[in-house]
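Listed below, chain by chain, are the residues.
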Protein chains: 2
Amino acid sequence: MTDSQFARSTAVTRTGESSYSAQIDDAWSIGGVPNGGYLLAILARAALDTTGDPDPLVISGHFTRPPGFGPARVEVELVKRGRQVSTTRVTLWQEDKPRLDALISTGRLPDGGSALEWNDRPAPELPPPDQCTRSEHRAFHVALLDVVEERLDPATSPFRIGPEGKLETAPNGDPTLRGWIRPGDGSDPDPVFLALACDALPPTVFNLGAFGWTPTVELTVIVRARPAAGWLRTETSSASVTGGWFDEGCRLWDSTGRLVAQSRQLALLGTG
Amino acid sequence: MTDSQFARSTAVTRTGESSYSAQIDDAWSIGGVPNGGYLLAILARAALDTTGDPDPLVISGHFTRPPGFGPARVEVELVKRGRQVSTTRVTLWQEDKPRLDALISTGRLPDGGSALEWNDRPAPELPPPDQCTRSEHRAFHVALLDVVEERLDPATSPFRIGPEGKLETAPNGDPTLRGWIRPGDGSDPDPVFLALACDALPPTVFNLGAFGWTPTVELTVIVRARPAAGWLRTETSSASVTGGWFDEGCRLWDSTGRLVAQSRQLALLGTG
């Protein structure tokens with residue numbers, strides 16, 4: 001693990017046979033709430049320490065109670081230690097209440113290709129990062145954007161800079177966002193960073209004019225490959241908004257154009 | 001719950017404060033192995049009984065050890081009982097070993113639309129069921145097809161009937177399958193049936209010529225709406241096959257054309 005700000009902010013310290021302590025760092029927050037992908041990354045660190053595996057393969061997190069900043073306890077139950085895949089159940093506790101529960105399968109990401117390699121489409125074409133919009137242009141303060149560099153393709157951004165340089169909402173009717181993302185301190189993304197990166201863009205439904213807070217109920221991240229150094233490309237999109245709920249899928253590609261992660265979350269439409 | 005064969009085969013009986021008994025029925029199997037979506041359906045029944053909620057919202061299952069047929073124990077831990085969403089951790093045990101672990105969030109599916117309704121695309125156009133292929137045409141015996149009616153759009157099927165009426169493999173190079181699915185006994189699909197339906201088609205990678213057994217490591221099913229009576233439309237597809245792994249996504253639409261479920265699984269490419 002490199003000594004990046006992300007590594008430090010997701011570090012866990014073993015305190016017992018199956019217990020870890022962690023510090024929920026307010027740097028990785030949106031609107032005063034810890035980012036969900038950041039919390040999953042902390043849980044993944046504890047899972048990896050327990051199984052001894054190098055990489056997360058699948059992280060399925062169900063968010064049960066809003067977590068706060070500061071100290072937290074992470075409990076890991078080893079469900080199965082396998083040759084190829086090990087599975088743990090990991091719970092984030094604060095003040096004696098579980099806040100987030102995850103099943104995490106770990107193992108070793110493939111080092112190279114295999115006899116059968118196939119992709120449905122290449123990484124999306126994007127304007128270069130310096131022609132993309134810094135995505136701090138949002139409805140509320142996004143501390144996360146001081147530690148993560150995000151640049152949105154202007155064609156997909158739900159915001160624009162108005163004539164007097166003021167931020168304006170500009171929903172374009174299509175809940176699909178594309179852009180670039182990387183750690184803000186210049187470090188290289190590791191596989192655990194992908195859990196955060198899957199959950200770091202503005203909600204897709206902003207482009208439908210739904211600018212409220214959108215609490216995540218469940219987020220599953222599948223890691224497909226170890227990312228190469230440099231910018232990640234990201235694309236988020238929704239299949240359906242119905243009855244007050246929406247799904248948001250994300251794909252991440254590394255700087256070589258390889259698909260490195262896929263995720264989907266179920267979230268509630270904002271009300272305020 | 002209606003008295004369908006599916007309801008009977010997924011029934012659970014409370015045996016303790018947080019314990020249920022279940023019977024893994026060999027009718028719901030493929031190649032002598034219980035179907036993964038069928039097992040998730042059993043776990044969902046136990047979750048719903050524990051929370052008292054009417055509907056599954058998200059089921060995230062990690063498959064850790066191959067399960068067998070016959071008696072099983074289902075343990076439910078109530079993580080959070082909420083007004084809108086309750087979350088449980090549910091484990092399937094056989095012979096004192098956990099076989100499948102799931103986090104399941106339950107609640108009440110929306111009854112109708114809300115102010116904001118949006119879908120990325122309509123249900124796919126398909127030939128009518130009687131012009132589609134019965135999908136028992138596979139590499140091994142699929143008992144499941146006696147209890148589930150499945151019809152594949154011939155344009156997407158990895159099989160065809162050869163000149164002498166014999167089954168031939170015919171991978172078309174595109175890991176996308178479309179078709180119809182419904183309970184085989186003429187009963188109507190309930191929300192729990194969607195977990196099975198998400199995992200019932202031949203693997204997408206058959207269309208890439210990879211005809212081996214493809215063990216599922218993780219499967220998450222998101223239920224979006226209560227299905228109307230009648231046939232479900234289904235579409236499965238893969239984004240990436242790499243390093244011996246593939247993802248398989250599924251969407252299900254009911255007979256009114258409404259998207260009722262989405263799923264994604266991570267699986268290993270078959271070796272034999």
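Above this text sits the structure in question.
An account of the accompanying structure is given in this report. Residue numbers run consecutively from 1 along every chain, following the written order of its sequence. Chains and ligands are labelled by the order in which they are written, letters from A for the one and numbers from 1 for the other. Only residues with pLDDT of 70 or above have their local features reported here, since the model is predicted, and side-chain atom pairs are shown and tallied only from 80 upward, although totals for entire chains, interfaces and linings are computed over all residues. Excluded from the side-chain calculation are hydrogens and water; included are all heavy atoms of the structure.

### Structural notes on the overall build of chain A
Logical step 1: Put simply, DSSP marks the helices as runs of H or I at least four residues long and the strands as runs of E at least two long, and each gets a number from the N terminus on. Scanning chain A from terminus to terminus reveals 3 helices and 19 strands.
Logical step 2: Over its C-alpha atoms chain A spans a radius of gyration of 18 Å, differing by no more than 12% from the 19 Å that the globule rule assigns to 272 residues.
Logical step 3: Considering only C-alpha atoms, chain A reaches an extent of 60 × 50 × 40 Å along its principal axes.
Logical step 4: Three exposure classes are used, based on accessible area relative to the maximum for each residue type with a 1.4 Å probe and protein chains only: buried under 20%, partly exposed in between, and exposed over 50%. A total of 272 residues make up chain A; the buried ones form 62% of that total.
Logical step 5: By definition in these notes, contact holds between two residues if any of their heavy atoms fall within 4.5 Å. For chain A, restricting intrachain contacts to residue pairs at least 6 apart in sequence, the fraction spanning at least 24 positions comes to 68%.
Logical step 6: With residues, only the protein chains shown are counted as cover, and all accessible areas are computed by Shrake-Rupley using a 1.4 Å probe. Carbon and sulfur atoms provide 48% of the accessible area of chain A, an area that totals close to 10200 Å².
Logical step 7: Two residue types count as positive, namely Lys and Arg, and two as negative, namely Asp and Glu; His and chain ends fall outside the count. Charge placement uses NZ in Lys and CZ in Arg. For Asp and Glu, CG and CD serve respectively. Between the averaged position of the 26 positive side-chain charges in chain A and that of its 34 negative side-chain charges there is a distance of 4 Å. Only C-alpha atoms enter the radius of gyration; for comparison, a globular chain is expected to reach 2.2 Å times N to the power 0.38, where N is the number of residues.

### Comments concerning the side chain of Thr236 of chain B
All names here are of chain B.
Logical step 1: For Thr236, the position within the fold is in strand β16 (residues 232-237).
Logical step 2: The exposure class of Thr236 is buried, given its relative accessible area of 1%.
Logical step 3: If near-sequence neighbours (up to four positions away) are discounted, Thr236 is found in contact with Pro175, Thr176, Leu177, Leu201, Thr204, Glu248, Gly249 and Cys250.

### Looking at the pairing of strand β18 (residues 245-253) of chain B
Successive side chains on a regular strand alternate, one facing one side of the sheet and the next facing the other.
Residue and element names in this part refer to chain B.
Logical step 1: β18 sits mainly inside the fold: 9 of its 9 residues count as buried.
Logical step 2: Alternating residues of β18 divide into Trp245, Asp247, Gly249, Arg251 and Trp253 and Phe246, Glu248, Cys250 and Leu252, and every residue in both groups is buried.
Logical step 3: Both strand β17 (residues 240-242) and β18 contribute to a ladder of 2 bridges, which runs antiparallel. Among the inter-strand pairings, Val241 is bridged to a residue of β18, identified as Phe246.
Logical step 4: Pairing between strands is defined by DSSP: at least two bridges between the two strands are required. Counted between consecutive antiparallel strands, the loop separating β17 from β18 contains 2 residues, among which Gly243 sits at a positive phi close to 60°.
Logical step 5: When β18 meets strand β19 (residues 259-268), the two strands line up antiparallel, connected through 9 bridges. Along β19, the bridge assignment pairs Trp245 with Leu268.
Logical step 6: Hairpin connection between β18 and β19: a loop of 5 residues separates the two successive antiparallel strands, and Gly257 in this loop has a positive phi of roughly 90°.

### Comments concerning the environment of Gly270 of chain A
Residue and element names in this part refer to chain A.
Logical step 1: One can find Gly270 in the segment after β19 (259-268).
Logical step 2: For the pair Gly270 and Val76, spaced 194 residues apart in the sequence, the C-alpha separation amounts to 32 Å.
Logical step 3: Setting aside anything within four residues of it in sequence, one finds Gly270 in contact with Gly212, Trp213 and Thr214.

### Here we look at the relation of the copies chain B and chain A
Copies of the same chain, two in number, are related to each other by a rotation about an axis and a translation along it.
Logical step 1: What sets the superposition is a least-squares fit of C-alpha atoms, and only residues with pLDDT of at least 70 in both copies go into it. Mapping chain B onto chain A leaves a residual RMSD of 0.0 Å; the transformation is a rotation of 180° accompanied by 0.0 Å of translation along its axis. Both chain copies can therefore be described as sitting about a two-fold axis. Closest approach to the rotation axis within chain B is made by the C-alpha atom of Ser60 of chain B, at a distance of 3.2 Å.
Logical step 2: Taken as a fraction of all interface residues of chain B, those also at the interface in chain A reach 98%, which identifies the copy contact as same-surface.

### Some thoughts on the pattern of salt bridges
Logical step 1: Basic side-chain nitrogens of Lys or Arg form a salt bridge, by our definition, when they fall within 4 Å of a carboxyl oxygen of Asp or Glu. This structure, assessed with the given rule, holds 32 salt bridges over all chains.
Logical step 2: Ionic pairing is found between Arg14 of chain A and Asp49 of chain A, a salt bridge with its closest N-O pair at 3.1 Å. Placement of Arg14 of chain A in strand β1 (residues 12-14) and of Asp49 of chain A in helix α2 (residues 36-51) is noted, with a sequence separation of 35 residues between them.
Logical step 3: According to the relative accessible area criterion, Asp49 of chain A is partly exposed, its value standing at 41%.
Logical step 4: As a salt-bridge pair, Arg73 of chain B and Glu75 of chain B come within 2.6 Å of each other at their nearest N and O atoms.

### Some remarks on the interface of chain B and chain A
Logical step 1: On the chain A side, the residues contacting the 57 residues of chain B number 56 residues.
Logical step 2: Roughly 4900 Å² of surface becomes buried between chain B and chain A when both sides are summed, with 59% attributable to carbon and sulfur atoms.
Logical step 3: Note on definitions: buried area is the accessible-area loss of two parts on being combined, 1.4 Å probe, summed for both. Considering only the surface of chain B that becomes buried against chain A, Trp118, Arg224 and Arg264 of chain B emerge as the three largest contributors, covering 15% of it.
Logical step 4: At the surface where chain B touches chain A, the tally comes to 4 salt bridges.
Logical step 5: The definition of a polar contact used here is a pair of N or O atoms within 3.5 Å, where within protein one atom must be able to donate a hydrogen and the other to accept one, and adjacent residues in sequence count solely through side-chain atom pairs. If you look at where chain B meets chain A, you find 39 residue pairs in polar contact (both at pLDDT 80 or more).

### With respect to α2 of chain A
Residues and elements named next belong to chain A.
Logical step 1: An expected span of 1.5 Å times one less than the residue number is assigned to each helix. When the terminal C-alpha atoms of α2 are compared, their 23 Å separation across 16 residues agrees well with the 22 Å that a helix rising 1.5 Å per residue should span.
Logical step 2: Within α2, 15 of the 16 residues are buried, which leaves the element mostly enclosed by the surrounding structure.
Logical step 3: Sitting at the amino-terminal end of α2 is Asn35, which places a side-chain oxygen 2.9 Å from the backbone nitrogen of Gly37.
Logical step 4: One or two residues past the end of α2 sits Gly52, with phi positive at roughly 75°.

### Side note on the packing of aromatic side chains
In this description, an aromatic ring pair is defined by two values, namely the gap between the centres and the angle between the planes.
All names here are of chain A.
Logical step 1: Two rings from Phe, Tyr or Trp (for Trp, the six-membered ring) form a pair when their centres are within 6.5 Å of each other. A pair whose planes differ by under 30 degrees is stacked, one over 60 is edge-to-face, and the rest are tilted. If you walk through the whole model with that rule in mind, you get 14 aromatic pairs over all chains.
Logical step 2: Centroid distance Phe6 to Trp28: 5.3 Å. Interplanar angle 65°. Geometry classified as edge-to-face. Taken together, the residues Phe6 in helix α1 (residues 5-9) and Trp28 in the loop between β2 (19-24) and β3 (29-30) connect sequence positions 22 residues apart. Each member of the pair, Phe6 as well as Trp28, carries the same accessibility label: buried.
Logical step 3: Ring centres of Phe6 and Phe193 lie 5.2 Å apart, and the angle between their planes is 85°; on these two criteria the pair is classed as edge-to-face. Of this pair, Phe6 sits in helix α1 while Phe193 sits in helix α3 (residues 193-197), and the two are 187 residues apart along the sequence. Considered together, Phe6 and Phe193 belong to a single accessibility category, that of buried residues.

Remember that the coordinates give geometry; whether it matters functionally is a separate question.
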